[in-house]
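# Survey of secondary and tertiary structure
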Amino acid sequence: MTHTTHRSTARVDKESTAAGAGAGRATGGSRSRPRRGALRRATPWLFLLVPLVLLITFTYVPVANMIYYSFTDWDGVSPEIHLTGTDNYVELFTRPELFRVFFVSFYYLAASAVQIVVALYFATVLSFNLRLRNLFKGILFFPYLINGVAIGFVFLYFFQDGGTLDSVLSWFGAGTDHAWLSTPTSANVSLAGVSVWRFTGLNFVLFLGAIQSIPGELYEAAELDGASRWHQFRYLILPSIRPVVSLSVILAVSGSLSVFEIPYIMTGGATGTTTFVIQTVKLAFQFNKTGLASAAAVVLLLFILLITWIQRRLVPDEKVDLV
């Protein structure tokens, strides 16, 4: 009888010990669950940590410094910096020669309109089944792959007196005494033409990718309804790629206001080809007016943001349902 009592007591002790251990495991599991949930929520931010640090370091911090310098008279070299308030902005808007260079951007804005139309045309044509279409795709996109400095030097010889363009025109009986880069109008038109040749490929690739994302069933239905190529473009392709066209317009406007490489390499801003960015660079590094140059850069940034906002308000993105 005594042995039986001891055995039952031992069993009760083991069961209570096991129950306590199970309760401990359950308590530990419930504690680990919030930790796992917090780690799961923090995982995306851990992946974004490095890109965010790079973005803040190389984008937002320089922009903040630029805004600060725009209110100073810093020359870019001296360790002394004095706050001048809005004097740089007043000088920028009250000196016509500093603000007049914005009119040069109209040449590049017109060129951007031409390159969008040309790129949209070729993207539409080459989206259909044509012979050698891959060859033509490569030819159209190739200029965008070339370095801008190299393009500037190539077209500098192309437009010089007696250069490549004059030689080609002489084959058709035209005169060879054209001074393509000697007058403001002809120089700006020539430089804008170079930008069309270079950046048409970028818009072409954007438009082509958007057109090829349209389901093929829609083309088949349009052909069954007797729609011509023009009607397919007007009522199917163009509404479907409207967001991409809107993006291209934004890039065209911002690019027209911030042109630098081609005119700087080919003319250095001479003969009335100085753009706003070229003038800003000269103010900072040639005349040592970093404060005034920073103010000009801030004005350019605000102009681009304003035009982008107006364009988004006038042509808002519409969700296109293709199926």
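Per the counting criterion, the structure on display carries 16 aromatic pairs. With a centroid separation of 5.7 Å and an interplanar angle of 50 degrees, the aromatic rings of Tyr68 and Tyr69 are classed as tilted. By relative accessible area, Tyr68 is classed as partly exposed at 41%. Note on Phe102 and Phe303: the rings are 5.0 Å apart at their centroids and 15 degrees apart in plane angle, and the pair reads as stacked. Separated by 201 residues along the polypeptide, Phe102 in the loop between α3 (96-99) and α4 (105-126) and Phe303 in helix α14 (residues 290-314) bring together distant segments of the chain. The class of Phe303 is partly exposed, set by a relative accessible area of 30%. Every member of this aromatic cluster is reached through a ring pair, and the members are Phe155, Phe158, Phe159 and Trp197.

Looking now at helix α11 (residues 242-257). Relative to the 22 Å expected for 16 residues at 1.5 Å per residue, α11 spans 23 Å between its end C-alpha atoms, a close match to the ideal helical length. Within the sequence span of α11, burial applies to Val245, Ser246, Ser248, Ile250, Ala252, Val253, Ser254, Ser256 and Leu257. Structurally, α11 contributes buried residues whose contacts are with α4, α8 (184-212), α13 (276-285) and α14.

Attention now goes to helix α10 (residues 229-240). Of the positions making up α10, those classed as buried are Gln232, Phe233, Leu236, Ile237 and Ser240. Down the axis of α10, the smallest arc covering the buried residues is 130 degrees, so these residues share one side. Facing away from the buried side of α10, by more than 90 degrees, are the exposed residues Trp230 and Tyr235. Of the surrounding elements, those touching the buried residues of α10 are α4, α8, α9 (216-224) and α11.

So, how was this worked out
Residues numbered from 1 in each chain as written. Predicted model: local features only at pLDDT ≥ 70, side-chain atom pairs only at ≥ 80, totals over all residues. Heavy atoms only, no water. Phe/Tyr/Trp six-rings, centres within 6.5 Å; stacked < 30°, edge-to-face > 60°. Buried < 20%, exposed > 50% of the residue type's maximum accessible area, 1.4 Å probe, protein only. Helix = DSSP H or I, 4+ residues; strand = E, 2+ residues; numbered from the N terminus. Expected span 1.5 Å × (residues − 1). Contact = heavy atoms within 4.5 Å. Arc of directions from axis to C-beta.

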